[in-house]
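Coordinate inspection notes
Chain by chain, the residues run as shown.
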Amino acid sequence: MVKKPLAKLVDKKTGKAVDPKRIMPIIFNGLRRSYPAYASMDSVMGEQFTNDVMFSKITANYKELYKQHGDGFKEAYDAYKNGTGAKARKEMAKSIKGKYLDNKKIDLNKRINDLIKSAGIDNNNPQPDNPYMMFHDGEWIDNSPKALAERIKDERDKALKEAKNKEAKDALKSIAEFTLRIQKENEKIMKPFNELKQASDNIKRRLNPFLFGQQQLSQNYTGHGLLNLKKKDSGNTILGGRISRPVIPKIKPDGSKRRAITGTGLSSYMERHKLTNPVDIAKTFLTKKGKDYVITGFGNLRFLCEQMNVSPEEALLYICEGMTDTKARWRNHRLDKEFWRGSQSVVNLVKYYNEQVSASKANPSRMTFTIKKLWNSTYCKDLFAEYGVVLPDYTQFSKWFKKMRHHVDVLKLDRPKKNN
């Protein structure tokens, strides 16, 4: 029998031949119109199931249809078989296999339950319909993905809590050690100066003992002659003595103008920036060009506040407002500068990151631990929350962490301390 080629279907709108993958679905739709039983089957079993039934019948008559329609039929048949049909068969096989395995596990658990009862042990399976239940060491254990995830989470939280408690103890110990180390370094630095001063004083005593004695008396006493000596009186100090405080002169304004007191650098600063009143420094100093005034210490700042009409209470208020004005500024004071005072928290964060990176490199099946994963980690979020600091976005956090990690590496703070 001569093979008849299957006439190519042509789309009436475009005039192009229909894709072979679409021919078999067109045939299915034609069979549904010719045989209403197939259409009824759709409502019960679903369209894809009905398609598979019709395709199985076509497969059963494949030789006859191929002789009748030739290579055109084969092309349409293979297109469906390797495309939509193959996908549907795989999904059905997967579903059937899953249900079979689940039923097998449930049946196995029931048999185990019956054996336990027959042995006189009163320990029934609490979840007989759960295929993930396992009887181990006399106890039923739920090994479902959800139960495993909850157990892992509990273990992680427990480990994190223990790590935080250990971190708090280590932090106190590290602060004490850091303070003691600074004290010892200061003593080492000051020792040559103290020895030099002692030697200089001894030389002065030998060269001119009377002059040296007079200088000592003039530093501590006042009065007329040795018979009228009086202790010098000065301001209170935190050690119980007294220290003198210079009186700041009050300069009267001339209308809106007022000159600054001399000796503090304010006069030259006002001349450079054409200011007529020290209060105007508040606006000028915030500009780029206005930052050329140098504070020489807290004593200098006291004079500056008085000249700018700022009381101690207002100075404290403005300091607090400035520190909390932005999230970055608050993080700098609350977290970064605490690090420079000896806080171990940032050091532990760097240690945690290095340990996770090493662990991921040692385990090829584990994904590489990155700074982004650190940013998303519970450990990092808990640290920032403990300090009352808002965790910045990833870009800012990445820059900050790289900077702090550099400091930790350079200062070798993440390495074991050597006992002297």
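These notes cover the structure that comes with them.

Analysis parameters
Residues numbered from 1 in each chain as written. Predicted model: local features only at pLDDT ≥ 70, side-chain atom pairs only at ≥ 80, totals over all residues. Heavy atoms only, no water. Helix = DSSP H or I, 4+ residues; strand = E, 2+ residues; numbered from the N terminus. Buried < 20%, exposed > 50% of the residue type's maximum accessible area, 1.4 Å probe, protein only. Contact = heavy atoms within 4.5 Å. Areas by Shrake-Rupley, 256 points an atom, 1.4 Å probe, with all protein chains shown as cover. Polar contact = N/O pair within 3.5 Å; in protein donor to acceptor, adjacent residues only side chain to side chain. Axes fitted to C-alpha atoms, helices over the stretch in contact; angles between N-to-C directions. Parallel < 35°, antiparallel > 145°, perpendicular 65-115°, else oblique. Nonpolar A, V, L, I, M, F, W, Y, C, P; charged D, E, K, R; others polar. Pairing = 2+ DSSP bridges. Phe/Tyr/Trp six-rings, centres within 6.5 Å; stacked < 30°, edge-to-face > 60°. Salt bridge = Lys/Arg side-chain N within 4 Å of Asp/Glu carboxyl O.

What about the overall build of the protein chain?
- Within the protein chain, the secondary structure is distributed over 17 helices and four strands.
- For the protein chain, buried positions account for 24% of its 420 residues.
- For the protein chain, long-range pairs separated by at least 24 residues make up 42% of all intrachain contacts whose partners lie at least 6 apart in sequence.
- Of the roughly 31,500 Å² of accessible surface on the protein chain, 57% is carried by carbon and sulfur atoms.

Describing the side chain of serine 360
- Inspection of the secondary structure assignment puts serine 360 in helix H14 (residues 345-362).
- Assessed through its relative accessible area of 4%, serine 360 is described here as buried.
- Only 3.3 Å separates the side chain of serine 360 from the backbone nitrogen of phenylalanine 369, close enough to count as a polar contact.
- Beyond its immediate stretch of four places on either side in the chain, serine 360 contacts Arg366, Met367, Thr368 and Phe369.

A closer look at the packing of helix H4 (residues 62-69) against helix H5 (residues 71-82)
- Running from amino to carboxyl end, H4 crosses H5 at an angle of 130°, the nearest separation of the two axes being 6 Å. Regarding the angle of H4 to H5, the classification is oblique. Contact with H4, carried on its side by Tyr62, Leu65, Tyr66 and His69, involves Asp71, Gly72, Phe73, Lys74 and Tyr77 of H5 and no other residues of that element.
- In terms of residue class, the contact of H4 with H5 is built from five nonpolar, two polar and two charged.

Some thoughts on the pairing of strand S1 (residues 133-136)
- With four bridges connecting them, S1 and strand S2 (residues 139-142) associate as antiparallel partners. Bridging from a neighbouring strand, histidine 136 pairs with glutamate 139 of S2.
- Two successive antiparallel strands, S1 and S2, enclose a turn made up of two residues, where aspartate 137 displays a positive phi of approximately 55°.

Brief notes about the packing of helix H2 (residues 36-45) against helix H3 (residues 47-60)
- At a minimum axis distance of 7 Å, the contact between H2 and H3 shows a crossing angle of 135°. Between H2 and H3, the angle is such that the two are oblique. When H2 is examined against H3, the residues Tyr38, Met41, Asp42 and Met45 are found in contact with a partner set consisting of Glu47, Phe49, Thr50, Val53, Met54 and Lys57.
- Of the residues belonging to the contact of H2 with H3, the class tally is six nonpolar, one polar and three charged.

Quick look at the environment of aspartate 78
- Position of aspartate 78 among the secondary structure elements: in helix H5.
- By relative accessible area, aspartate 78 is classed as partly exposed at 24%.
- Each C-alpha atom of the pair aspartate 78 and methionine 24 lies 9.7 Å from the other, and the pair is 54 residues apart in sequence.

Some details on unusual backbone geometry
- Phi is positive for asparagine 309, which is not a glycine, with a value near 60°.
- Along the chain, asparagine 309 turns up in the loop between helix H11 (298-307) and helix H12 (312-323).
- Located in the positive-phi region is lysine 412, a residue other than glycine, with phi close to 60°.
- Mapped onto the elements of the fold, lysine 412 is located in the segment after helix H17 (394-411).

Section: the packing of aromatic side chains
- The tally for this structure, following the rule as stated, stands at 17 aromatic pairs.
- Where phenylalanine 28 meets tyrosine 80, the ring centres are 5.3 Å apart and the plane angle is 85°; that geometry is what we call edge-to-face. Here tyrosine 80 lies in helix H5 and phenylalanine 28 lies in helix H1 (residues 20-34), a separation of 52 residues in the sequence.
- You can call phenylalanine 28 buried: its relative accessible area is 1%.
- Here the aromatic rings of phenylalanine 384 and phenylalanine 397 are separated by 6.1 Å at their centres, their planes lie at 55°, and the arrangement is tilted. Separated by 13 residues along the polypeptide, phenylalanine 384 in helix H16 (residues 378-386) and phenylalanine 397 in helix H17 bring together distant segments of the chain.
- Classification of phenylalanine 384 as buried rests on a relative accessible area of 1%.

Observations regarding the pattern of salt bridges
- Tallied over the full model, the rule gives five salt bridges.
- Note that arginine 272 and aspartate 292 form a salt bridge whose closest N and O atoms lie 3.0 Å from each other. Of the two residues, arginine 272 is situated in helix H9 (residues 266-272) and aspartate 292 in the loop between helix H10 (281-284) and H11; the sequence distance between them amounts to 20 residues.
- Its relative accessible area of 43% is what places arginine 272 among the partly exposed residues.

Quick word on the side chain of serine 343
- Along the chain, serine 343 turns up in the loop between helix H13 (327-340) and H14.
- Under the relative-accessibility criterion, serine 343 is labelled buried at 14%.
- Reaching out from serine 343, the side chain makes a polar contact with the side chain of tyrosine 387 at a distance of 2.7 Å.
- Not counting residues up to four positions away in its chain, the partners in contact with serine 343 are Glu338 and Tyr387.

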